[in-house]
Every structure is written in structure tokens, then in C-alpha cells.
Amino acid sequence: MPLPDTMFCAQQIHIPPELPDILKQFTKAAIRTQPTDVLQWSAGYFSALSRGDPLPVKDRIEMPVATQKTDTGLTQGMLKVLHKQCSHKRNVKLADLELKWKNLCLPIEKFRAIMQLDPCEQEMEWIKFLALGCSMLGGSLNTAMKNLCEILTKDPEGGPARIPFETFSYVYRYLSGLDSEIPAMETEAYLTSLQDGIESRKNGMIGLADFFVLKRKI
């Protein structure tokens, strides 16, 4: 015979005092991040929470990105989340990175497509993976650099999005070096022209206004 249901009174049920706040923060994080697979994302969320690691949570809800021809799930906001989770190390293990990617419910095909751009065996320099991710968002090389600046900057959102020119030039050389149609001399000439323009007035920092011009439709 099935066991009878046990009845408890309110005084017998113990609710951990921290549980309501944990669930509240979890719900707010899920709404901001909008995961396509809530169970997969939840597993990554609580796993990171239990270890004290950065959570797989967006800063805010994102609107669709016009430069993407198809909805791959990869956005600047998702790359920001990965940056928070991975940037404390110079190099990241690809197995760990792939797990974080899956926990954000991003398509594994997109991860593999990124890795095909610069194949590695076990680990990769994080800033290079981030650069490749920015390039996969669509647009030109300068558009990729714009996304990179907006992810790395310490300026408030909507500000000049400044980053050290040393970082900018390192990533620009890396991405341009993967494009056989961009001569190395052209890359160096471009970076020199940028550096000459900011060296005396920007304390070694470069912002969007120094290199990115948004084309307006007429």
C-alpha cells in the first residue's frame, strides 16, 4: 500500500533564511540573461554560485543586434559574461571555456566555428578568443574593435569606451594577421597613425571616437 501523505504544520517546516534572497536573485538573473535553455543555464548558475565564481548573468536585457544576419545567440552581452568569467586568467582551457559556453546556451557549432579561425589544442589566450568572438558578431574589423572596446572599457555605458592603446594594437594586429588580404605594412601604418593622434592627449588610451565612424543612412 502506498504510504499516506504526511501532513506538516507551518511550525514544523524550516525554510533556510537565505533561500528567498537566493531565489529572488536567480529570477532577476534569468530575466536579464534570457537563456534559451533555462535548465542548462540554471545548472551553470548554481554551480558558479556554489564555487564563488562570476555568475553567467548579463548586465541587462539586450535588444536584437542588427548586424547579425541570423540569431546565433552570440551577442556583445554574452561575450561580456564570458569575459567576467574568464579574464582573471591569461590563458583559458578550451574544455572549461566550452562548458561556460554551453551553460550560456550558446550553439556549440558557433564555438567550433570560432576555434577554426585560429585552431588550438588545449588552451588559448583569453583576449584572443574574445577578439575572435567580437569578429563573429559581424561587420568590419573596426566593428570588431568597437565591440572589444565596449566590453573591456571601464568607462560607464554610453561613454567613450576607452581601453589602453597597447591592448587595442595587440588585438588589431592579431585579427588583421588572420586576414590574408590585409598587408602587415598597412596594419602598422594604420596603428601608427592612430597612436600619433592619441599619444599626446589621451594618456595612452584609445576610445571609439578615435577610430570608429558610424555610417549614417541617407
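What you see is a predicted model; the values in this text were computed from it and never measured. (Residues numbered from 1 in each chain as written. Predicted model: local features only at pLDDT ≥ 70, side-chain atom pairs only at ≥ 80, totals over all residues. Heavy atoms only, no water.)

Visitor: Just give me the short version of the pattern of salt bridges, but keep the residues and values in it.
Guide: The full count for this structure, using the stated rule, is 10 salt bridges. Linking Glu 150 and Lys 146 is a salt bridge whose minimum nitrogen-to-oxygen distance equals 3.1 Å. With a gap of 4 residues between them, Glu 150 and Lys 146 both fall in helix 7 (residues 141-152), about one helical turn apart. Sharing partners across several salt bridges, the network here consists of Arg 90, Glu 125 and Lys 128. (Salt bridge = Lys/Arg side-chain N within 4 Å of Asp/Glu carboxyl O. Helix = DSSP H or I, 4+ residues; strand = E, 2+ residues; numbered from the N terminus.)

Visitor: Before we move on, can you summarise the packing of helix 7 against helix 8 (residues 165-177) with the specific residues and values?
Guide: In the contact formed by helix 7 and helix 8, the axes pass within 11 Å of each other and the chain directions differ by 145 degrees. The way helix 7 lies across helix 8 gives a crossing that is right-handed. Along its contact with helix 7, which presents Leu 141, Asn 142, Ala 144, Met 145, Leu 148, Cys 149 and Leu 152, the element helix 8 presents Thr 167, Phe 168, Val 171, Tyr 172, Leu 175 and Ser 176. A breakdown of the residues in the contact of helix 7 with helix 8 according to their chemical character gives 10 nonpolar, 3 polar and no charged. (Axes fitted to C-alpha atoms, helices over the stretch in contact; angles between N-to-C directions. Left-handed = near helix turned anticlockwise from the far one by under 90°. Contact = heavy atoms within 4.5 Å. Nonpolar A, V, L, I, M, F, W, Y, C, P; charged D, E, K, R; others polar.)

Visitor: Before we move on, can you summarise a nonpolar patch on the surface with the specific residues and values?
Guide: On the surface, Ile 13, Ile 15, Leu 19 and Leu 23 cluster together into a nonpolar patch covering about 360 Å² of accessible area. Within the secondary structure, Ile 15 sits in the segment before helix 1 (19-33). Of the residues examined, Ile 15 reaches a relative accessible area of 53% and is grouped as exposed. (Patch = residues over 30% accessible without salt bridge, like charges linked within 9 Å, V, L, I, M, F, W, Y side chains within 5 Å. Areas by Shrake-Rupley, 256 points an atom, 1.4 Å probe, with all protein chains shown as cover. Buried < 20%, exposed > 50% of the residue type's maximum accessible area, 1.4 Å probe, protein only.)

Visitor: Could you give me a rundown of helix 3 (residues 76-86), with the residues and numbers involved?
Guide: A large share of helix 3 lies buried, amounting to 9 of its 11 residues. Here helix 3 has its buried residues at Gln 76, Gly 77, Met 78, Leu 79, Val 81, Leu 82, His 83, Gln 85 and Cys 86. Considering only its buried residues, helix 3 is in contact with helix 1, strand 1 (91-93), helix 4 (94-103), helix 6 (126-135) and helix 7.

Visitor: Describe the packing of helix 6 against helix 8, and please don't skip the residues or the numbers.
Guide: It is at 10 Å that the axes of helix 6 and helix 8 come closest, and there the two elements cross at 65 degrees. Both helix 6 and helix 8 take part in a crossing whose hand is right-handed. Taking contact as the criterion, the partners of Ile 127, Lys 128, Ala 131, Leu 132 and Ser 135 in helix 6 are, on helix 8, Tyr 170, Val 171, Tyr 174 and Leu 175. Residues of the contact of helix 6 with helix 8, tallied by class, amount to 7 nonpolar, 1 polar and 1 charged.

Visitor: Help me get a handle on the packing of aromatic side chains, residues and values and all.
Guide: Scanning the entire structure with this criterion turns up 14 aromatic pairs. With a centroid separation of 5.8 Å and 40 degrees between ring planes, the pair formed by Phe 111 and Phe 129 is classed as tilted. Of this pair, Phe 111 sits in helix 5 (residues 108-117) while Phe 129 sits in helix 6, placing them 18 residues apart in sequence. Classification of Phe 111 as buried rests on a relative accessible area of 5%. (Phe/Tyr/Trp six-rings, centres within 6.5 Å; stacked < 30°, edge-to-face > 60°.)

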